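Read off the chains here:
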Amino acid sequence: MTKRNYRLLFLSTPVGALGSGIGGGVELTLQNAAKALMAKGHEVEIVAPEGSVTNVTKLTQISGNMQTSAQTQVGADMVVIPQNSVLENMWSYARESQNQFDLLFNFAYDWLPLYLTPFFNRPIAHWISMSSLSPVMDAMVSKISGICPDAIAVNTRACADTFSHGDRLMIMGKGIDVNQYNFIAKPKNPSLAWVGRISPEKGLEDAASAAQSTGLPLHVFGLIQDEGYWQKIQTSFPKAEIYYEGFLSTDNLQQKLGQCSALLMTPRWIEAFGNAAIEAFACGVPVISYSSGGLKEIVRHGKTGFLVKMGSVPGLVKAIDQLDQIDRFTCRQQVEAEYSLEVWGDRLEKWFDKLISNYSNARIS
Ligand code: UDP
């Protein structure tokens, strides 16, 4: 059978412009998925809110008001969509242009694209990038995974298990362009890193507390989403040596991250994956994290980092003391073996083969 090259339309998160950092890990995930599939000969167009930037492929920008981030809607039993919504406008564009594509790939963690799935005349693949946060989304994930088998994917088993019908979700992992990250065998000075959106669910205070106890400098990389929270951390840990590095491009981030002795990942929610972990590994940086969520499936305890009980600052401090047990090259090897764009691209391509053929068979019968 000859291999088909697909025409794919990727729909970005409607919470912020692609490249702004507001979308968190999903911004890198979308661009890496595009790279992985284009390397296999497929064509990709990205649709994203106005103000977006990407150098990966053709980008169509859509105007309109942004969606509120799902992590601020925990427990919600209704859906909020603003007037002149960018989400609505992106899906109107998708409806008008769908016949030019073989498949649409949705990266929004939103009710509307899930609901629309059976109404389109092209298959829609959904990337659900966070754990179950609200009954209204959970119910729609269950409904659509029942009507359209295999249409919804998550990164990890841990993420799938938070949904009512988690057994129906595809577990797709992730991939990064490992060549974009330089391996650093030995950092110049001992220091700690923390990477992510500065927002309460990401638990920066635990990393600040561990930095204060160990006396090691903590470099913080990421967008300040909650200014009050950020101020409070600085006043709560006056003796911690914290350096705010800003929200950096992948290239600048990897250069600075590679110079750190470890990445602390201290989320206070069930982290669906944690892109920063595999980016750190690619630079040779071990990850010290909580034994919960997706990070439990990524970090190999004692080999590529340490997993400690959620919220245990003494556990983080003990792990920092044991960092000399980790061979930084093992971290790089884990990414190359499990999270390369090639490996991930194969998995995404097989998923799309299945969705596209299921869809054409259903239309014939
Ligand atoms: N990031 C970045 N520059 C920075 C800090 C973070 O590009 O200075 C990106 C990082 O590459 C990662 C994302 O922000 O892709 C954070 O994603 P993660 O999955 O760790 O957490 P999320 O924000 O999705 O909860």
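Details of the environment of Gly203
The topology assignment puts Gly203 in the loop between strand E8 (192–195) and helix H6 (204–214). Judged by relative accessible area, Gly203 falls into the buried class, the value being 0%. Excluding anything up to four places from it in sequence, Gly203 contacts Trp194, Tyr229, Thr266 and Arg268.

Section: the site of the ligand
Near the ligand, the surroundings consist of 18 residues, among which Gly25, Arg197, Lys202, Leu248 and Glu279 are the closest. Here the ligand loses 92% of its free accessible area of 550 Å² to cover by the protein chains. Per-element tally for the shell around the ligand: the top contributor is helix H9 (residues 275–283), with three residues. Here the shell around the ligand is composed, by residue class, of eight nonpolar, six polar and four charged.

Topic: helix H4 (residues 135–147)
Turn by turn, an α-helix covers 3.6 residues, leaving residues three or four places apart pointing in a common direction. Compared with the 18 Å implied by 1.5 Å per residue over 13 residues, the 18 Å span of H4 between its first and last C-alpha is a close match. By the burial criterion, the buried members of H4 are Val136, Met137, Asp138, Met140, Val141, Ser142, Ile144 and Ser145. Those residues of H4 that are buried lie in contact with helix H3 (111–116) and strand E6 (152–154).

Looking at empty space enclosed by the protein
Scanning the model with the defined rule gives one cavity of 30 Å³ or more in all. Here the largest cavity defines a volume of roughly 30 Å³. Taken together, Pro267, Trp269, Glu271, Ser289, Tyr290, Ser292, Gly293, Leu295 and Met310 form the lining of the largest cavity. Taken together, the residues of the lining of the largest cavity break down into five nonpolar, three polar and one charged.

Focus: the sheet that holds E8
Spatially, E10-E9-E8-E11-E12-E13 is the arrangement adopted by the six strands of the open sheet, whose pairing is parallel. Sheet topology places strand E10 (242–246) and strand E13 (305–308) at the edges, where each strand pairs with a single neighbour. Ignoring strand direction, the axes of neighbouring strands in this sheet form an average angle of 25 degrees. Two strands pair when backbone bridges link them, and strand E11 (residues 262–265) and strand E12 (residues 287–290) are joined in this way by three bridges, in the parallel orientation. The residue bridging Leu264 from the neighbouring strand is Ile288, located in E12. On the sheet, H9 packs against E8, E11 and E12 and is oriented at approximately 175 degrees with respect to E11.

Comments concerning the pairing of E8
Side chains Leu192 and Trp194 project from E8 onto one buried face, and the interleaved Ala193 and Val195 project onto a second face that is buried too. Here E8 pairs with strand E9 (residues 218–221) via four bridges, running parallel. From the neighbouring strand, Ala193 faces E9, where its bridge partner is His219. At this point the chain moves from E8, through H6, to the parallel E9, and the crossover so formed is right-handed. When E8 meets E11, the two strands line up parallel, connected through two bridges. Bridging across to E11, Ala193 finds its partner in Leu263.

Focus: the sheet that holds strand E2 (residues 43–49)
What the seven strands build is an open sheet, ordered E3-E2-E1-E4-E5-E6-E7; its pairing is parallel. Each of the sheet's edge strands pairs with one partner strand only, and the pair in question is strand E3 (58–62) and strand E7 (170–171). The pairing of strand E1 (residues 7–11) with strand E4 (residues 103–106) spans four bridges and is parallel. Across the sheet, Leu9 pairs through a bridge with Leu104, a residue of E4.

Definitions and limits used
Residues numbered from 1 in each chain as written. Predicted model: local features only at pLDDT ≥ 70, side-chain atom pairs only at ≥ 80, totals over all residues. Heavy atoms only, no water. Helix = DSSP H or I, 4+ residues; strand = E, 2+ residues; numbered from the N terminus. Buried < 20%, exposed > 50% of the residue type's maximum accessible area, 1.4 Å probe, protein only. Contact = heavy atoms within 4.5 Å. Near = heavy atom within 4 Å. Areas by Shrake-Rupley, 256 points an atom, 1.4 Å probe, with all protein chains shown as cover. Nonpolar A, V, L, I, M, F, W, Y, C, P; charged D, E, K, R; others polar. Expected span 1.5 Å × (residues − 1). 1 Å grid on protein atoms, 1.4 Å probe; cavity = no way out; pocket = protein on both sides within 12 Å on 5 of 7 lines; lining within 4 Å. Points joined across faces, edges and corners; volume = space filled by probe spheres on them. Pairing = 2+ DSSP bridges. Axes fitted to C-alpha atoms, helices over the stretch in contact; angles between N-to-C directions. Right-handed = clockwise from strand over helix to strand, strands pointing away.

Honestly, it's all geometry; don't read function into it.
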